[in-house]
Structure formats: structure tokens, C-alpha cells
Amino acid sequence: MNSAATPTDGASAESPGSTSPPAVPTAARIPILYLILGVLLAISTVPMYFYSAQVEAINRDRLKTNEMILQNTVTRSLADNLSQHERSLRMMLANLSSAIQVASGGDIGSKNIEAPELRALLENFVSSSDDLAYATLLNSDARGISAGRIAPDAFLQRELQHAFDAARDGRAYNGQALQVGDGNSARTVLLVSNPVSYGGRFLGMVGAVVDLQFLIRRLREVRAGGLIPYVVDAQGRLVAAGTPQYATGQDMKNLEIVRNFVDEGNKAQLAATKEFDVNDGKNNVEMLGTYSPVTRLDWAVVVQKPQREAYRGVYEMQRTARLLALMAVLLSIAVSIFAARRITNPLRVLTQHSRALARGDFSQRVNLWSRTEIGELAETFNTMSSELEHFVEDLKRAAEENRALFLGSIQMLAGAVDEKDPYTRGHSDRVTRYSLLIGKEMNLPASFMETLQISAQLHDVGKIGIEDHILKKPGALTAEEFEVMKTHTTKGANILRPVSQLAEMLPGIELHHEALDGRGYPYGLKDEQIPLLARVIAVADTFDALTTNRPYQHAHTPEEAFRIIQNLAGKRLDPVAVAALMAVYGRGEIRIQRIAVRKPVVLADAAVPATAPTPVLPAVETAKLERSRV
């Protein structure tokens with residue numbers, strides 16, 4: 001029975017706090033803003049990315065094609081220009097040969113070779129064009145005359161010998177490009193010759209040294225346009241260049257594009273464009289180049305350009321396209337964020353108000369104006385909130401009425417108990433008031449205070465089952481009567497135990513006569529075994545019993561009552577609850593009407609401080625109190 005009658009401490013079972021509903025738990029969720037923003041970004045940027053990539057690829061191919069066409073046009077133009085010069089020179093040489101035949105009468109032997117008429121023809125021929133630097137007429141014995149502004153060196157003499165040998169065989173001759181002179185007077189020249197014959201008989205050779213300065217000027221003009229132009233012969237040697245980094249006669253076959261031309265040989269009839277690499281000794285430079293053959297001379301005009309420059313327009317277009325794409329993406333992001341917020345902000349507001357509603361705040365209203373379904377949802381939410389608020393107010397009002405009815409019923413029940421004995425009329429109300437003052441002073445939680453109020457009001461409900469001759473006996477009870485009187489605690493608990501809503505109040509009803517030293521009843525509990533609810537009611541019950549008239553005693557003054565209670569603190573009564581009651585009385589929150597007593601006690605102060613010496617009660621007084629109906 002003892003184990004069943006040892007309830008849990010009410011204070012430890014209750015935690016401080018309000019009676020508002022618990023917060024609604026929220027699981028980790030992905031904000032809808034992110035989802036909408038992601039969808040908007042996907043549908044705005046992904047198509048734009050593929051579109052811009054496709055447009056960029058198309059434009060890149062077009063720009064590359066345009067650059068290749070430009071190079072092809074430049075080389076073709078230079079090749080045609082060279083071919084035209086070669087044809088013009090051949091025609092001039094043919095005319096010169098005819099004039100020589102007429103002037104010499106078909107005889108340019110050793111006697112006629114130095115005739116003034118022939119020399120005049122040769123000088124007129126050289127002076128007819130700035131591109132002619134030198135001309136010579138040789139007879140079949142390799143003797144002849146010459147005119148011009150340069151003197152043949154050993155290399156040019158060798159070329160003249162090759163030309164004479166070709167003429168003897170009846171062939172025209174195009175020599176190698178040679179550089180004559182030095183310094184500022186250096187010139188790149190080319191020997192061109194035709195055989196001179198009459199009636200099928202070989203008479204000799206007429207040759208012209210062409211100054212290629214016209215070609216170099218054209219190449220430099222092309223160089224100013226950003227291209228690197230040069231001309232090579234069939235062996236890959238340099239004829240002329242628009243840049244001083246290349247020298248006439250230099251072997252250019254180290255360049256892949258020149259090698260391609262040399263490998264093609266006589267089959268090279270059309271222009272070709274290649275991408276190739278050039279090693280400048282430090283870096284490997286990617287180049288784009290084009291060559292166009294000059295078939296009459298077995299030459300090729302070549303132009304090349306670093307790819308980073310050739311495709312500069314491509315790269316600029318790519319940068320511009322990517323910048324515009326980035327700006328478009330940023331604009332799309334801004335628009336998407338704006339649109340997403342326009343969509344999600346009302347939802348966020350609704351979510352916040354819904355959480356407030358879940359916490360029990362039914363006064364929330366959503367101020368959203370929208371012609372979409374969200375506006376309709378906001379109106380529906382406000383209507384629901386308003387109806388819930390009215391419903392909750394009705395529930396609160398009904399709950400207050402039920403609580404008032406419940407407390408009124410408890411007070412009537414306690415009043416019925418008090419009415420059995422005129423001396424205890426109002427005892428339950430006073431004990432309740434004192435208990436609540438003690439609990440407030442001890443800073444006990446609100447839920448505990450509510451339990452304390454009901455338990456204190458019903459703490460003596462078990463006296464309904466005590467016979468009147470014991471309950472109203474004008475004096476101390478006998479041992480047998482006291483044993484009957486002690487059953488009022490268990491009787492009260494048994495009366496209320498079937499009401500499950502009053503289960504928390506039972507410890508105060510059943511155990512408020514337990515003592516800290518274990519000499520209380522009904523179970524003889526000690527110290528912390530006694531719930532705080534019962535310990536608080538015990539102090540209030542003792543104080544009211546001492547300060548009211550009873551059949552077995554006259555009322556004590558509050559000061560004397562406190563002396564008695566202090567003497568019982570730590571033995572029978574809880575010292576913390578006793579100190580709380582004394583503090584409340586010391587502030588004047590407890591008013592008790594003064595009455596005459598048999599043995600007045602004179603005190604210096606209105607209230608006895610906790611540190612004042614406590615007189616020890618006579619043993620008979622203590623025994624009398626223990627055997628009373630308190």
C-alpha cells in the first residue's frame with residue numbers, strides 16, 4: 001500500500017510555461033522560390049545557350065571562310081599580276097627580237113652585232129620600263145651588246161650562261177631570283193630570255209633582267225593589311241617577300257604550306273588554304289596560309305597569318321556573343337527572381353500566417369491583392385481565420401464557463417464539508433488562499449498553481465465520511481477517535497479517485513497530513529517522499545487551524561501561530577513553504593482579525609522574523625496539536 005500511495009512530486013512533474021499549443025514541427029523542405037527560380041532559369045537560359053552556341057558555330061565557320069576567301073583573293077590577285085608581267089615581258093622580248101632581225105637583216109654575226117642600230121634598239125628597250133634593269137643581245141658565238149643600270153655579277157653571268165644554253169636549244173628561259181648590289185642599292189632581279197632565230201636558223205639570244213621591286217611593293221602593301229606575303233619558286237626558295245625577315249634564295253620548305261606546294265609540283269594549278277604550325281624557336285605558332293600557283297613561272301604566291309589574328313573576328317564574335325549571352329542570362333536571372341518572388345511572396349505570407357494560425361493566433365489576416373488563385377486563397381484563408389477565431393472564442397467562453405462551474409462545484413463541495421462544523425466554516429477557502437500565496441512566493445509554475453488551487457479546496461473533502469460526534473467534539477480526541485479522524489485523508493482520495501481529471505490533485509488531498517520526520521499519516525512518508533503539493537497545503541492548513549477558533553482550542557494570534565509553525569519547520573512542515581508564508585504575511589498580504597485569547601503573547605514586531613529565536617513548546621502543547629483535527 002505504501003508503494004501505491006507514494007505519488008510523484010507535483011512540482012517536478014510540471015514544467016513552467018504557457019498553455020499555448022506546441023509549435024508545429026516543420027521538416028526540412030526545399031523553398032518553392034528555388035524550384036520556381038530553377039524552372040524559370042532553365043527555360044530561359046538553356047534554350048538561349050543552345051541557340052547562342054549554334055549561332056556562334058555558324059558565324060565562326062562563316063568568319064573562317066571569309067578569312068580563307070580573303071587570303072585566296074589576295075594570292076590569286078598577286079599570281080595573276082605576276083603572270084601578266086611575265087606575258088608583257090615575253091611580248092616585249094618578242095617585239096625586240098623582230099626589230100633586231102629587221103635592223104640586222106637577219107645577220108647578227110661578229111661584224112653586225114655592235115651596229116649602232118642594234119645598240120639603240122637595246123637601249124630603247126631598257127628605257128621603256130622602270131622594271132627593266134638590264135638587257136643583252138648575244139649572237140650565236142655568245143658575243144653581244146648590253147644596256148642597263150646594273151652590271152652583271154658572277155651569279156647573273158651564270159644565269160646568262162644558262163639562258164644562252166636554253167636559247168641554243170630553242171627554249172625560253174626564266175631564271176632564278178637573284179639579289180644584286182648591297183645595302184640600300186640591293187635589288188632582287190630575275191633573268192628572262194628568248195632565242196632569236198631567222199628562217200629556222202639560230203641567230204642568238206635576247207635577255208632582260210627584270211627588277212622585282214614592283215612585286216616587293218605589292219607584297220608590302222599586302223603586309224600592311226596584316227598578312228605575311230612572299231613568293232617561292234618550284235624548289236621552295238624565296239623569290240621575294242614583303243618582310244625583311246626572309247632573304248632572297250632562302251629555303252622555305254621548313255614551312256608546311258611551302259612543302260605542300262613543292263610536293264604538288266606541276267600539278268599545283270589551284271589555290272590551297274592550310275592550317276599549319278610554325279616554330280619560331282621559342283613558341284609554336286598556329287598559322288593559316290594560302291598559296292596560289294603562278295604556272296608560267298613555276299612559282300607560288302603565299303600569304304600566311306597567325307590564327308589568333310586570322311580568326312580575331314571569330315574570337316571577338318565569340319567574346320561578344322558570350323558577353324551578350326551572359327548579360328541575357330543575368331537579365332533572365334533578374335527577371336526570374338522578380339517573377340519567382342511575385343509568385344512565392346504571397347505563398348510565404350500565407351505560410352507565415354498559417355504557422356501563426358497553427359500556434360493558436362487566430363487574429364491573423366492576410367493582406368494580399370491578386371487577381372490570381374492566390375488572391376482567392378488569401379480571401380479563403382481570412383474567412384477561415386475569422387470563423388476559427390469565433391469558434392475558438394466560443395470554445396474559450398464555454399471552457400471558462402465549464403471551469404467556473406467546475407470550481408463552483410468544488411467550492412460547494414468544500415462548503416458542504418465546512419458546514420458540518422460551524423467552527424470550520426470558510427476553512428477550505430482560507431487554506432486555498434494561503435496555499436496560492438505560498439506557491440506564488442515560491443515561483444511555482446502556472447500549471448502547478450491550478451492543481452494547487454483545486455487540491456487545497458478539496459483537501460478536507462474526506463471529512464464528509466467522519467461521524468459528527470468525532471468531527472464536532474469540543475476537545476482533544478481519544479486515541480480511537482483520532483484513528484477514525486485520520487481516515488478523512490484516504491476517504492477524500494477514494495471519493496475523488498474515480499474522476500480521472502482530478503488525478504493530479506489527489507496527493508494534496510491524501511498526503512497533506514504527512515510529516516517530514518515520518519510521524520505523519522496515513523503512510524508515514526518522509527522528506528522528499530512527500531509531494532510538494534501536499535507540503536504546501538500542510539503549511540496553509542496548519543496556519544489556518546492555529547488562527548481560527550476550534551471546539552478544542554481558542555485561536556492563536558498570527559505571531560504565536562508563526563512561532564508554533566517555525567518550531568514545526570523541518571520536523572513536520574516544509575521549511576521553504578513556511579518561509580514563503582512568513583514572507584507573504586510580513587508584506588501584509590494576509591489579514592487576520594484580532595481576537596481575544598486566553599494567554600496573550602506580547603511581541604515586539606508585527607511578524608516574527610525567520611532569524612528570531614523560536615521558543616520550544618511544552619510537550620503537552622505539541623501532543624495536543626498532534627492529536628487535534630488539524
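Remember, predicted model here, so these are calculated numbers, not experimental data. (Residues numbered from 1 in each chain as written. Predicted model: local features only at pLDDT ≥ 70, side-chain atom pairs only at ≥ 80, totals over all residues. Heavy atoms only, no water.)

Here the focus is helix 14 (residues 488–496). Side chains three or four residues apart in an α-helix point the same way, a direct result of the helix having 3.6 residues per turn. Listed as buried for helix 14 are His488, Thr489, Thr490, Gly492, Ala493 and Leu496. Against the buried residues of helix 14 lie helix 13 (479–486) and helix 15 (506–510). (Buried < 20%, exposed > 50% of the residue type's maximum accessible area, 1.4 Å probe, protein only. Helix = DSSP H or I, 4+ residues; strand = E, 2+ residues; numbered from the N terminus. Contact = heavy atoms within 4.5 Å.)

The next point concerns the packing of aromatic side chains. Tallying each qualifying case throughout the model produces seven aromatic pairs. Here the aromatic rings of Phe164 and Phe202 are separated by 6.1 Å at their centres, their planes lie at 70°, and the arrangement is edge-to-face. Taken together, the residues Phe164 in helix 4 (residues 154–168) and Phe202 in strand 6 (residues 201–211) connect sequence positions 38 residues apart. Phe164 gets classed as buried once you look at its relative accessible area, which sits at 3%. Aromatic side chains Tyr434 and Phe543 sit 5.3 Å apart centroid to centroid with 75° between the ring planes, which places their arrangement in the edge-to-face category. Of the two residues, Tyr434 is situated in helix 10 (residues 427–441) and Phe543 in helix 16 (residues 532–546); the sequence distance between them amounts to 109 residues. Judged by its relative accessible area of 0%, Phe543 falls in the buried class. Ring-pair connections join several aromatic residues into one group, and the members of that group are Tyr434, Phe543, Phe562 and Tyr585. (Phe/Tyr/Trp six-rings, centres within 6.5 Å; stacked < 30°, edge-to-face > 60°.)

Moving on, we get to the confidence of the model for the protein chain. Residues of the protein chain with pLDDT of at least 70 account for 84%, and the chain-wide mean is 80. Summarising per-element confidence for the protein chain, the mean pLDDT is lowest in helix 1 (residues 10–13) (40) and highest in helix 18 (residues 575–586) (94). Counting contacts from residues 1–24, a segment whose pLDDT is below 50, to residues more than four positions away or on other chains yields 30 contacts. Predicted confidence is poor over residues 594–621, with pLDDT under 50, and the contacts of this stretch with residues over four places away or in other chains come to 38 contacts. (pLDDT = per-residue confidence, 0-100.)

Side-chain pairs of opposite charge can arise where the charged atoms are in close proximity. Under the criterion given, the structure shown has 19 salt bridges. For Asp211, the salt bridge is made with Arg187, and the minimal N-O distance between the two is 3.3 Å. On the criterion of sequence distance, the pair formed by Asp211 in strand 6 and Arg187 in strand 5 (residues 187–198) is long-range, its members being 24 residues apart. Here Arg187 falls in the partly exposed class, since its relative accessible area comes to 32%. Among the ionic contacts, a cluster of salt bridges with common partners joins Glu86, Arg90 and Arg296. (Salt bridge = Lys/Arg side-chain N within 4 Å of Asp/Glu carboxyl O.)

The residue Glu67 is located in helix 2 (residues 32–104) in this model. Relative accessible area serves as the criterion here: at 9%, Glu67 is assigned to the buried category. Residues in contact with Glu67, not counting those within four places in the same chain, are Leu227, Leu288, Lys305 and Ala310.

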